[in-house]
Amino acid sequence: MKLSKFSIIALHLLIGFLLTIFNQFATIYSVLIIIVGTYYILNNKDINNFYPIYFSIYIVGVEVLLRMAGAKVFWEFGKYSIVYFLIIGILKKRISINFPSGILWYLLLLLPGVLLVPTDQLNIWRQDISFNLSGSITLTVSAIYFFNTIINKSDLKEIFYYMSLPIIAMSIYNIFNMPDLSTYRFLPYSDAYTSGGYGPNQVSSIFGFGVGGLIVAQILKLEINNSKILDLLFIIIFSIMGLITFSRGGMLAVVISFSISISYYLFRDQKIINVISKSIILFLGLLIAWYGIIQITDGVILKRYGLVDSSSGKRFILDLTGRAEIYKADIDIFSDYIFTGVGLGQANNLRVKYGYGQSAAAHTEYSRMLAEHGILGLISLIILFLTAIYFLFIPSPFYSKFLKIFFCTLAILTMGHSAMRLAMPCFIFGFLFCKYK
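Residues numbered from 1 in each chain as written. Predicted model: local features only at pLDDT ≥ 70, side-chain atom pairs only at ≥ 80, totals over all residues. Heavy atoms only, no water.

### A few points about the overall build of the protein chain
Along its length, the protein chain carries 18 helices and two strands. Relative to the globule expectation of 22 Å for 437 residues, the C-alpha radius of gyration of the protein chain, 21 Å, shows essentially globular dimensions. Dimensions of the protein chain, computed from the C-alpha atoms along their principal axes, are close to 60 × 55 × 50 Å. Burial analysis of the protein chain (437 residues in total) assigns 56% to the buried set. A separation of at least 24 residues holds for 78% of the contacts in the protein chain among residues at least 6 apart in sequence. When the accessible surface of the protein chain is totalled, it reaches about 19200 Å², and 67% of it is carbon and sulfur. (Helix = DSSP H or I, 4+ residues; strand = E, 2+ residues; numbered from the N terminus. Rg over C-alpha atoms; globule rule 2.2 N^0.38 Å. Buried < 20%, exposed > 50% of the residue type's maximum accessible area, 1.4 Å probe, protein only. Contact = heavy atoms within 4.5 Å. Areas by Shrake-Rupley, 256 points an atom, 1.4 Å probe, with all protein chains shown as cover.)

This is the structure in structure tokens:
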């Protein structure tokens, strides 16, 4: 029996609630995703091999929720699950695999960094490699899978739909785990208490991705949940949930990505009136979300985004939650170890020596690559950006380029403020290599 979209949405509302009251359910949920995904990919007729994409984008949406709910799975469960689904899909295709060679070189140049990781503690050795290399592996496998994949409007609609389902569940989880907002004292800093008890940066990144995906769908006239009103409602809810984390990176990355891509779209679209009318409706929805969050936080959100007084404005520009200091330390490490780098994960403790004051993982993937991989990391980084630029400038229909600009820019910006902590930027970078119809 095939469930309707409304029934599946209701199921995910229930999942969000169950994760709140039943801790063990998070682990069961994780295992069920892998079992159901494997079954569907292997046993269902799927001529164009889209089930691996659907389950991978679902993993992108659910990864942070599983971490929040305390699922007893390994930390990189999200990235390895995506690699697993996509490799099954590649094997199922049974055709010669073509892929952009630059992406393969991007990964290969990072592998020598494994040789510099100390092997005296096997578990730490494994963690350093897994944490710092799994994102690059996911990005590479995604690029290989998506290369020349043809995605039409109905396929894209399903991709955005499967993306939104776990984010709907995460919204419910957050709502039930928030403090009493009527008495809560908000401060203009990232807030784990209003982020479901988890890292605000990661939570806001996923809610931001949900907002961006649904807005892009509206521009392309796709009713993700078979209802414009329901789509708009979820845009408002995801916006409120993302803003109330008080973490700016996830939301600003989506705003910047969409602004760049829609600017290109408006410049090329001949039916500019239709796009503007849709944009006005979406703007009103976002305005409702923004006004609501101002009321909920007693205006403190305005301080967080530097919109009220000069001191907050200064903080908005300069307060990078330690990212600038980590970045500077990484550049200094790169200068001292320019030929070899210090090895995967080895910059964490070195940042104490280089002035950061404590051991910390990088927030910026680009500076991490320089510090830990040296000159090979720099070359790998150049290859990654040149590959992105090349595929962005390949002649293609304007709506195709609109999607490529959005996904590519969002991936690059997310890696800039959150490194590869999430599977999201690694996976969506692959959409750059698709052909959209």
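Still to come is the rest of the account.
### Things to note about the packing of aromatic side chains
Summed over the entire model, instances satisfying the criterion amount to 33 aromatic pairs. Ring plane angle 20° and centroid distance 5.8 Å describe the contact between Phe186 and Phe246, whose orientation is recorded as stacked. Here Phe246 lies in the loop between helix 9 (228-243) and helix 10 (248-268) and Phe186 lies in the loop between helix 7 (153-177) and helix 8 (200-219), a separation of 60 residues in the sequence. With relative accessibility at 6%, the residue Phe186 sits in the buried group. Given the relative accessible area of 0%, Phe246 is considered buried. Members of the aromatic cluster, each reached through a chain of ring pairs, are Tyr39, Tyr40, Phe50, Tyr51, Tyr54, Phe55, Tyr84, Phe85, Tyr161 and Tyr162. For the cation-ring pair, Lys5 lies above Tyr161, with the distance from its terminal atom to the ring centre recorded as 4.4 Å. (Phe/Tyr/Trp six-rings, centres within 6.5 Å; stacked < 30°, edge-to-face > 60°. Lys NZ or Arg CZ within 6 Å of the ring centre and 35° of its normal.)

### Remarks on the nonpolar core
In this structure, Tyr29, Phe427, Phe429 and Phe431 are the most contacted members of the largest nonpolar core, which totals 128 residues. Of all the elements, helix 3 (residues 51-68) adds the most residues to this core, at 13 residues. In this structure, Ile333, Val342, Ala347 and Tyr354 belong to the second largest nonpolar core, which totals seven residues. (Core = buried A, V, L, I, M, F, W, Y, C linked by side-chain atoms within 4.5 Å.)

### Some remarks on the environment of Val141
Looking at the element boundaries, Val141 is found in helix 6 (residues 122-146). Looking at Val141, the relative accessible area reads 12%, which means it is buried. Sequence-wise, Val141 and Leu104 are 37 residues apart; in three dimensions their C-alpha atoms are separated by 9.1 Å. Excluding anything up to four places from it in sequence, Val141 contacts Val83, Leu86 and Ile87.

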